[in-house]
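Here's the letter readout for the chains.
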Amino acid sequence: MCIFGAMAHRLINIAREEDILPAYRDTPIGRLLGYHNLGRPFDTYDSADLLIGMCMDNRKHLNIPDNFAFIIRTGGANLRYSEFKVSYAISVGQVRHIALIGHNHCGMVNIHARKGQFIEGLVEQAGWEREKAEEHFMHYAPLFEIGNEIDFVLSEAARLRLSYPKVRVAPMLYLIEDNRLYLIRE
Ligand SMILES: [Zn+2]
């Protein structure tokens, strides 16, 4: 009956304030979960409290107050090629918390399955030479492939924690079916 089937044991359902892990509860990460999942009334922000890394996918929308967060959107919430922007949000933007939000049915999983469509699309829609489109795909697909949404977000969280030891990083998953955020069990 569960909409997320095999992923269920890896996710923490946030249906009440008490479901938010104590480490996150009184932090911008807890407030994000409160705003988006629990209908927490919006606070007023003059500056950002949080950096959110999430996928560029069009099926997702966060319920959050104005000014609350910097948001970097990339395929698969992959921040490996956004390092300078992450550093900027931390140093100049002064955020101490990162919410890294993957989602199910992500287009960055098994990119190779869409190789033909990708190349065809660039030729048809953008006017590229087929050879250039093929090279482009072969060069970039391995860099942007994430394998599995949950494992990837966990590995990205681990990488960011190593890079920025004083910053708290919370791995999450957004479920397309119910538009809710789940903490990923670690
Ligand atoms: Zn995605």
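Everything here concerns the structure above.
Here the structure is a predicted model, which is why all the values come from computation and not from measurement.

> Quick question: what am I supposed to make of helix α6 (residues 149-163) here?
Three or four residues apart is the spacing at which side chains of an α-helix point the same way, because the helix has 3.6 residues per turn. End to end, α6 covers 21 Å across 15 residues, agreeing with the expected 21 Å (1.5 Å per residue, within 8%). Within the span of α6, buried status applies to Glu149, Ile150, Phe152, Val153, Glu156, Ala157 and Leu160. The buried residues of α6 all sit within an arc of 160° when viewed along its axis, so they share a single face. Each element contacted by the buried residues of α6 is listed here: β1 (11-13), α3 (83-91), β4 (97-103), β5 (168-175) and β6 (180-184).

> Help me understand the packing of aromatic side chains, please; the structure alone is not making it clear to me.
Evaluated as defined, the whole model comprises seven aromatic pairs. Considering the side-chain rings of tyrosine 35 and phenylalanine 42, the 5.4 Å spacing of their centres and the 85° angle between planes classify their relative orientation as edge-to-face. Overall, the relative accessible area of 2% leaves tyrosine 35 in the buried class. Ring centres 5.1 Å apart and planes at 65° place the aromatic pair phenylalanine 118 and phenylalanine 137 in the edge-to-face group. In this pair, phenylalanine 118 is assigned in helix α4 (residues 115-126) and phenylalanine 137 in helix α5 (residues 130-144), connecting sequence segments 19 residues apart.

> Would you mind showing me how to read the coordination of the zinc ion here?
When four donors bind a metal tetrahedrally, each ideal donor-metal-donor angle is 109.5 degrees, and when six bind octahedrally, the ideal angles are 90 or 180 degrees. Summarising the metal site, the zinc ion is bound by the protein donors Cys55 (SG), His103 (NE2) and Cys106 (SG), whose distances to it range over 2.0 to 2.3 Å. Counting gaps between the donor residues of the zinc ion yields the pattern C-x47-H-x2-C. Note that cysteine 55 is positioned in strand β2 (residues 50-55) and cysteine 106 in the loop between β4 and α4, a separation of 51 residues in sequence. Each of the two residues, cysteine 55 as well as cysteine 106, counts as buried.

Definitions and cut-offs
Residues numbered from 1 in each chain as written. Predicted model: local features only at pLDDT ≥ 70, side-chain atom pairs only at ≥ 80, totals over all residues. Heavy atoms only, no water. Helix = DSSP H or I, 4+ residues; strand = E, 2+ residues; numbered from the N terminus. Expected span 1.5 Å × (residues − 1). Buried < 20%, exposed > 50% of the residue type's maximum accessible area, 1.4 Å probe, protein only. Arc of directions from axis to C-beta. Contact = heavy atoms within 4.5 Å. Phe/Tyr/Trp six-rings, centres within 6.5 Å; stacked < 30°, edge-to-face > 60°. Donors = N, O, S within 2.8 Å, 3.2 Å for Na, K, Ca; no water.

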